[in-house]
Amino acid sequence: MSPKQKSVFICSECGYESAKWVGKCPGCNAWNTMEEEIAVQTKASLSVYRTTQSVATARPLSEISFSDEPRFVTGIAELDRVLGGGIVKGSVVLLSGDPGIGKSTILLQICNALQQSRKILYVSGEESAIQIKMRAGRLGVESDSVSIMTETDVQAVCEYIMSEKTDIVMIDSIQTMQINELNSSPGSIVQVRESTNLLLRTGKSLGIPIFIVGHVNKGGDIAGPKVMEHIVDTVLYFEGERNQSYRILRGIKNRFGSTNEIGVFEMTDVGLKEVENPSAMLLSGRMSDVSGGCITCVIEGTRPILAEVQGLVTPTGFGNARRTATGFDYNRLNLLLAVLEKRLGIYFANQDTYVNIVGGMRLDEPAADLAVAMALVSGYRDIAIDENLIAFGEIGLSGELRSVPRAQARINEAARLGFTKCILPKACMKQISSTPKGLELIGVNSLGQAISIIK
Ligand code: TYD
Ligand code: MG
């Protein structure tokens, strides 16, 4: 390092910058995350930042017209929905997820879907051209409109994009990309941030959508600074258990559509297949007449999805009672147990309690409360709940059942999958304009009333 170069310490978790090293990051309170980087002289060294010699201008809103086709629709419906209706021109999409989850696969499938009509550049710093060709062949990508580049120099990539006028660019992955002028190694915070910035500016100035693959660190966050999430337009997260074939694509941030939207895929030997009916998938393999299971309906983005909650309650053998929640918030589980104890007198203090949501789903919506409580009581009493019953509703601390939005959509989905009984908050009944045929609605005011149905 020459004497003139200044170093700066940057938190690898949140991107907080400090002139001195500190053990605990003042930004996010994480320990031992400050890493030394060479301070970036952004303007001086990165001439390519200024892609066009334009003069700043401003136009009234009314003069700005939508171009004829602001989005590329890929035809992969699950992906298009998560993106808010297709790929927006000039947008930068960060695709993140655990290793081996299918990030590279879905990018190649986008190439497959768009190869007839678009020129696509696939930049890989991870795999050789031969490896990509083998996989691409398996996924049906064979058109000459898809070009593969194995390059890690972002400036070279951006120069190529500017000269070749591609329609879509895929970067796999940002942790392998680097800007040579910066004296830090690929994958470091500065490299990740500056490479993203450079790609973003290039993409925006030419109106080209760019997909960037980002790895996650051990904690499951996107590796590199949080600022990367702030820079890009859309953050998609691929989740799922590696040993299961189902994959959920979740929108975490989207400047061009709603977040919370999910797309469900299944990994097969010919790539990712869309799952059009996630409720049926999540309920398949269910056993009837077993205690501790209850079906609920949550709204994921715009879609109602049925999910199975399982509760297992066993006497504690030794020491403190264990509580485990998979796919459900641990603190929320403790809260529900407290309500069950205080308001209904069902004691779990000497019982190990496990909650599991089947199929790798995560239920974050309060509407899942009722099904979790019912599954626990059913597990505790060892009495099976009617297999044709679903339950949803938020539980308050007084044991009351509170209204949740979109009750009509939830009961329609339940009826579509052949359920015949639905327990829901009484307050939701006025949202319902038409009761689906064959579905009996049981409106209840309190958790106690709902529980009394388990017998
Ligand atoms: P990949 O897209 O390489 O994951 P990432 O880029 O997120 O690290 O996916 C790799 C996994 O997917 C690998 O375990 C093999 C599996 N796979 C299939 O099962 N079928 C397929 O058709 C493809 C392409 C991959
Ligand atoms: Mg990959």
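Basis of the calculations
Residues numbered from 1 in each chain as written. Chains lettered and ligands numbered in written order. Predicted model: local features only at pLDDT ≥ 70, side-chain atom pairs only at ≥ 80, totals over all residues. Heavy atoms only, no water. Core = buried A, V, L, I, M, F, W, Y, C linked by side-chain atoms within 4.5 Å. Buried < 20%, exposed > 50% of the residue type's maximum accessible area, 1.4 Å probe, protein only. Helix = DSSP H or I, 4+ residues; strand = E, 2+ residues; numbered from the N terminus. Contact = heavy atoms within 4.5 Å. Pairing = 2+ DSSP bridges. Axes fitted to C-alpha atoms, helices over the stretch in contact; angles between N-to-C directions. Salt bridge = Lys/Arg side-chain N within 4 Å of Asp/Glu carboxyl O. Near = heavy atom within 4 Å. Polar contact = N/O pair within 3.5 Å; in protein donor to acceptor, adjacent residues only side chain to side chain. Areas by Shrake-Rupley, 256 points an atom, 1.4 Å probe, with all protein chains shown as cover. Right-handed = clockwise from strand over helix to strand, strands pointing away. Phe/Tyr/Trp six-rings, centres within 6.5 Å; stacked < 30°, edge-to-face > 60°. Lys NZ or Arg CZ within 6 Å of the ring centre and 35° of its normal. Parallel < 35°, antiparallel > 145°, perpendicular 65-115°, else oblique. Left-handed = near helix turned anticlockwise from the far one by under 90°. Nonpolar A, V, L, I, M, F, W, Y, C, P; charged D, E, K, R; others polar.

## Things to note about the nonpolar core
Counting 45 residues, the largest nonpolar core has F328, L363, M374, L376 and I423 as its most contacted members. Among the elements that line this core, the one with the most residues is helix α10 (residues 369–381), at eight residues. Here M374 is in contact with C294, I385, L389, A391, I423, A450, I451 and I454, once residues within four sequence places are set aside. Core analysis: the second largest hydrophobic core is formed by 31 residues, L95, I106, I120 and F238 among them.

## As for the sheet that holds strand β2 (residues 17–18)
The strand order β2-β1-β3 describes an open sheet built from three strands, whose pairing is antiparallel. Only two strands of the sheet have a single neighbouring strand rather than two, namely β2 and β3 (34–38). In this sheet, β3 lies alongside strand β1 (residues 7–11) in antiparallel orientation, the contact comprising five bridges. Its bridge partner being in β3, I10 is matched across the sheet by E35. Of the strands in this sheet, β1, β2 and β3 are in contact with helix α6 (residues 189–206), which crosses β1 at around 85 degrees.

## Comments concerning the pattern of salt bridges
Taken as a whole, this structure holds 16 salt bridges when the rule is applied. With a closest N to O distance of 3.4 Å, E78 and R303 form a salt bridge. Here E78, found in helix α2 (residues 77–82), pairs with R303, found in strand β16 (residues 303–315); they are 225 residues apart in sequence, far enough to count as distant. Considered together, E78 and R303 belong to a single accessibility category, that of buried residues.

## Quick look at the site of ligand 1
The full set close to ligand 1 counts 15 residues, and G100, S104, T105, T268 and G271 are the nearest of them. Within the backbone of G102, an N or O atom sits 3.1 Å from an oxygen atom of ligand 1. S104 is positioned such that a nitrogen or oxygen atom in its side chain is 2.6 Å from an oxygen atom of ligand 1. Burial of ligand 1 by the surrounding chains reaches 74%, relative to a free accessible area of 550 Å².

## Considering the pairing of strand β10 (residues 210–215)
Of all six residues that make up β10, five are buried, and the element is covered over most of its length. Bridging between strand β6 (residues 92–97) and β10 involves six bridges; their strand directions are parallel. In the strand pairing of β10, L94 is matched with I212. Strand direction decides the pairing type here: strand β9 (residues 168–172) and β10, joined by three bridges, are parallel. Within β10, the residue paired with V169 across the bridge is I210. Read as a crossover between parallel neighbours, the route from β9 over α6 to β10 is right-handed.

## Some remarks on unusual backbone geometry
Note: most peptide bonds trans; most residues except glycine with negative phi. Of the consecutive residues D172 and S173, the connecting peptide bond is found in the cis state with omega at 0 degrees. You can see S173 is positioned in the loop between β9 and α6. In this structure, N32 is a non-glycine residue whose phi angle is positive, near 55 degrees. By the element assignment, N32 lies in the loop between β2 and β3. On the basis of relative accessibility, which here comes to 63%, the residue N32 falls in the exposed class.

## What about the packing of aromatic side chains?
By the definition in use, this model includes two aromatic pairs. Aromatic pair F238 and F265: ring centres 6.2 Å apart, planes at 65 degrees, arrangement edge-to-face. Note that F238 is positioned in strand β11 (residues 234–239) and F265 in strand β13 (residues 262–268), a separation of 27 residues in sequence. In this pair, the class of F238 matches that of F265, namely buried. Geometry around F392 places R410 over its ring, the cationic atom sitting 5.4 Å from the centre.

## As for the environment of A375
Note on placement: A375 falls in helix α10. For the pair A375 and L441, spaced 66 residues apart in sequence, the C-alpha separation works out to 19 Å. Dropping the residues within four chain positions of it, A375 is found in contact with G292, G293, C294, V309, Q310, G311 and I385.

## Describing the packing of helix α9 (residues 330–344) against α10
At a minimum axis distance of 10 Å, the contact between α9 and α10 shows a crossing angle of 60 degrees. As far as their axial angle goes, α10 and α9 are oblique. In this structure, α9 meets α10 at a crossing whose hand is right-handed. Between α9 and α10, the contacting residues are R332, L333, L336, L337 and L340 on the first element and D369, V372, A373, L376 and V377 on the second. Here the residues of the contact of α9 with α10 sort into eight nonpolar, no polar and two charged.

## Structural notes on the sheet that holds strand β8 (residues 146–149)
Judged by pairing direction, the sheet is mixed, and its nine strands sit side by side in the order β8-β7-β9-β10-β6-β11-β12-β13-β14 without closing on themselves. Of all the strands in the sheet, the pair left with one neighbour each is β8 and β14 (271–274). Direction aside, the axes of adjacent strands within the sheet are offset by 25 degrees on average. Across five bridges, the pairing between strand β12 (residues 246–254) and β13 is antiparallel. Across the sheet, the residue bridging to I248 is V264, located in β13. Relative to the sheet, helix α5 (residues 154–164) contacts β7 (120–124), β8 and β9, its axis offset from that of β7 by approximately 170 degrees.

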